[in-house]
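Geometric and topological summary
Below are the chains, spelled out letter by letter.
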Amino acid sequence: MSLFRTKPIEDSLADADEPGRRLKRSLTTWDLMIMGVAVAVGAGIFSVGAKAAADFSGPAVTLSFVLAALTCALAIMCYAEFATAIPVAGSAYVFTYATMGELVAWIIGWNLILELFTAAAVIAKYWGIYLSEVFRLLGLDIPATIDLGPVDLTWGPLLIVAVFTVLLVMGTKLSAQVSNVFTLIKIGVVLFVIVAGFFYVKAENYTPFIPESVPTGGTGTQDVMQQSLFSFLTGAAPAQYGMLGVFAGAAIVFFAFIGFDVVATSAEEVKNPGKTLPRGIFAGLAVVTLLYIGVSLALTGMVSYTDLAAAEAPNLATAFSLVGNTWAAQVIAIGSLIGLTTVIMVLLMGLARVVLAMSRDGLLPRSLSRTSDKHATPARLQILCGTLVALVAGFTQVDVLEEMINIGTLSAFVVVSLGVLVLRRKRPDLNPAFRVPFGPVLPVLSALLCLYLMANLAVETWIYFVVWLLIGFLFYFAYGQRNSRLNEKFADIRQMERDERADRLEREARSAAPEA
């Protein structure tokens, strides 16, 4: 049984139209653009840039954002070509199944589950924390956690995940409409913060733009585990800043662009996907990139990166506090809460769509791929995903796995980028509405940039990632391989070959009989 057997594109399209397992096409270009902004612009816009500037890039964090955006744009081009050729749910998993085979597709699907589940749980956790912060600013003393004896319950994640799980069960279009309102509000908050921040900008804070590389001075186990894999493999001592710091910062702020691959998972629910998908995805990426560059320029111009580095948990509110502005913290806290709200919704939707695609193929239980007759959504699966995310976010310290989100996404980006080249070679008859320009150059460049960003993630993150992959291999060989629907197809082919061979032997025996 081949581990690299591929699933024909025609089969994927047919599965998407199977009664009882189909989704409804209702999303427009505007919906996709807002969805991209909704999932990418969260509380991270107020914090991830500050952390990267303080610990890795200095004022050059703007370059880190540009590099991360460029990497994301190249990968998204590859996603757009695939999605217009195979407009079904499942994103990178489905694309890989059609080009590189079942085992690689399983790995990518498994990594997408890691990315989306961990991201949803981490962000739901932060939403609960920011909710308590907003209550505190309003003078209300409502604790974020409830003591339940042996465990503590963070109640906020359970609330927000439950609300959006219900909305997603009721229909993707309804969820998108609610998300649109929240997203427009948070864009307004971000623009307000950028404009307010530029009133405090001082040109000297941008100098030096790329700080000189300096050693961290640490040689202990913790320092080694927190340094990038690239530094570890090259034998470099743990250090920060310099050009390597810019690249390390890009690997960190790449978290800010997590989610555009999630937009591609909605391909099966998009009207006229050939035109709508590329336009919606790229418009969303452009808006997000401009917002992040604006925030990073305001942040590093307001205060020196060394002042940010001295803070325990640097964020945009830290910068406003250092220049004597106290009201901004309230705006940022409210903006963070609103920002995280829509992120959770899109991640929950993407998680359910990836599991839906894998269960359609039998690699996960087929019962998970049933959709409701009334709303044409995977209601049972959406409720299951929401329940698991809420429990993990509410009862565990899942935020320690934050970088796992980046490595899961980047691994999928690498495979999709290379998969475009395989698709073109295997299926030259296809004519997707969007094609990545400049032949194989940009897909290869995309894969190389993603690999380099992966190499700039911490050694500790790579260890967790390897453990996750090993668990995935065990699950595949214990369940997925034996229950794959391709088994039925290959069994039919093998039976046909056996029948043809038996017929041939029988004919040969008959023709040889008179001679005897």
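Details of the structure are given in the entry above.
Here the structure is a predicted model, which is why all the values come from computation and not from measurement. (Residues numbered from 1 in each chain as written. Predicted model: local features only at pLDDT ≥ 70, side-chain atom pairs only at ≥ 80, totals over all residues. Heavy atoms only, no water.)

What follows covers the overall build of the protein. If you tally the helices and strands in the protein, you get 21 helices and 4 strands. Looking at the protein as a whole, 56% of its 516 residues are labelled buried. Restricting to contacts in the protein with at least 6 residues of sequence separation, those with at least 24 account for 84%. With an accessible surface of roughly 21100 Å², the protein has 66% of that area assigned to carbon and sulfur atoms. (Helix = DSSP H or I, 4+ residues; strand = E, 2+ residues; numbered from the N terminus. Buried < 20%, exposed > 50% of the residue type's maximum accessible area, 1.4 Å probe, protein only. Contact = heavy atoms within 4.5 Å. Areas by Shrake-Rupley, 256 points an atom, 1.4 Å probe, with all protein chains shown as cover.)

Moving on to the side chain of T289. Note that T289 resides in helix α13 (residues 273-302). From its side chain, T289 meets the backbone oxygen of L285 in a polar contact 2.8 Å long. Not counting chain neighbours up to four residues away, the residues in contact with T289 comprise A69 and F257. (Polar contact = N/O pair within 3.5 Å; in protein donor to acceptor, adjacent residues only side chain to side chain.)

Glancing now at the packing of helix α8 (residues 172-198) against helix α16 (residues 328-360). Two quantities define a packed helix pair, namely the angle between the helix axes and the distance between the axes. Direction vectors running N to C along α8 and α16 enclose 150°, while the axes themselves pass 9 Å from each other. Taken as a pair, α8 and α16 cross one another with a handedness that is left-handed. The residues of α16 that touch α8, namely those facing T172, S175, S179, F182, T183, I185, K186, V189, F192 and V193, are V331, I332, G335, I338, G339, T341, T342, V343, M345, M349 and R353. Within the contact of α8 with α16, the residues separate by chemical class into 11 nonpolar, 8 polar and 2 charged. (Axes fitted to C-alpha atoms, helices over the stretch in contact; angles between N-to-C directions. Left-handed = near helix turned anticlockwise from the far one by under 90°. Nonpolar A, V, L, I, M, F, W, Y, C, P; charged D, E, K, R; others polar.)

In a regular helix each residue adds 1.5 Å, so 16 residues correspond to 22 Å; helix α7 (residues 155-170) covers 23 Å between its end C-alpha atoms and thus fits that length. Of all the positions in α7, only G156, P157, I160, V161, F164, T165, L167, L168 and V169 are classed as buried. Looking at the buried positions of α7, the neighbouring elements they touch are α6 (102-137), β2 (151-154), α8, α16 and α17 (379-395). (Expected span 1.5 Å × (residues − 1).)

Turning next to the side chain of N487. On the secondary structure map, N487 appears in helix α21 (residues 486-512). Looking at N487, the relative accessible area reads 15%, which means it is buried. Of note is the side chain of N487, whose polar atom sits 2.7 Å from the side chain of R5.

The next point concerns unusual backbone geometry. In terms of backbone geometry, most residues other than glycine have negative phi values and most peptide bonds are trans. In the segment running from T207 into P208, the intervening peptide bond is cis, with an omega of -5°. Looking at the secondary structure, you find P208 in the loop between α8 and β3 (214-215). Positioned with a positive phi, N272 is a non-glycine residue whose angle comes to about 45°. You can call N272 partly exposed: its relative accessible area is 48%. Backbone geometry places F438, a non-glycine residue, at a positive phi of 65°. Note on placement: F438 falls in the loop between α18 (402-426) and α19 (441-455).

Position of Q382 among the secondary structure elements: in helix α17. In this structure, the C-alpha to C-alpha distance between Q382 and L368, residues 14 residues apart in sequence, is 9.2 Å. Not counting chain neighbours up to four residues away, the residues in contact with Q382 comprise T165, L168, V169, L348, M349, A352 and R353.

In this structure, strand β1 (residues 145-148) lies alongside β2, joined through 4 bridges in antiparallel fashion. Each bridged residue has a counterpart across the sheet, and for I146 the counterpart in β2 is L153. Between β1 and β2, which follow one another and run antiparallel, lie 2 residues, and G149 among them has a positive phi close to 80°. (Pairing = 2+ DSSP bridges.)

On to the pattern of salt bridges. With the rule as written, the count across this model stands at 11 salt bridges. When the shortest N-O distance is used, the salt bridge between D361 and K7 registers 2.3 Å. Residue D361 is located in the loop between α16 and α17, and its partner K7 is located in the segment before α1 (9-16); the two are separated by 354 residues in the primary sequence. Residues D361 and K7 agree in their burial class; the two are buried. Through salt bridges with shared partners, one network takes in K7, D15, D361 and R485. (Salt bridge = Lys/Arg side-chain N within 4 Å of Asp/Glu carboxyl O.)

Moving on, we come to the nonpolar core. Formed by 154 residues in total, the largest nonpolar core has its most connected members in Y79, I86, Y93, F257 and L347. With 20 residues, α6 is the largest single contributor of residues to this core. Sequence-distant contacts of F257, that is, excluding residues within four places in its chain, are made with F65, A68, A69, C72, L285, V288 and T289. (Core = buried A, V, L, I, M, F, W, Y, C linked by side-chain atoms within 4.5 Å.)

Running from N to C, α8 and α13 cross one another at 30°; their axes reach a closest spacing of 9 Å. With respect to α13, the axis of α8 lies roughly parallel. Crossing geometry of α8 relative to α13 is assigned as left-handed. Each of I187, V190, L191, I194, G197 and F198 in α8 lies in contact with α13, whose residues at this interface are L291, G294, V295, L297, A298 and M302. When the residues that make up the contact of α8 with α13 are grouped by side-chain class, the tally is 10 nonpolar, 2 polar and no charged. (Parallel < 35°, antiparallel > 145°, perpendicular 65-115°, else oblique.)

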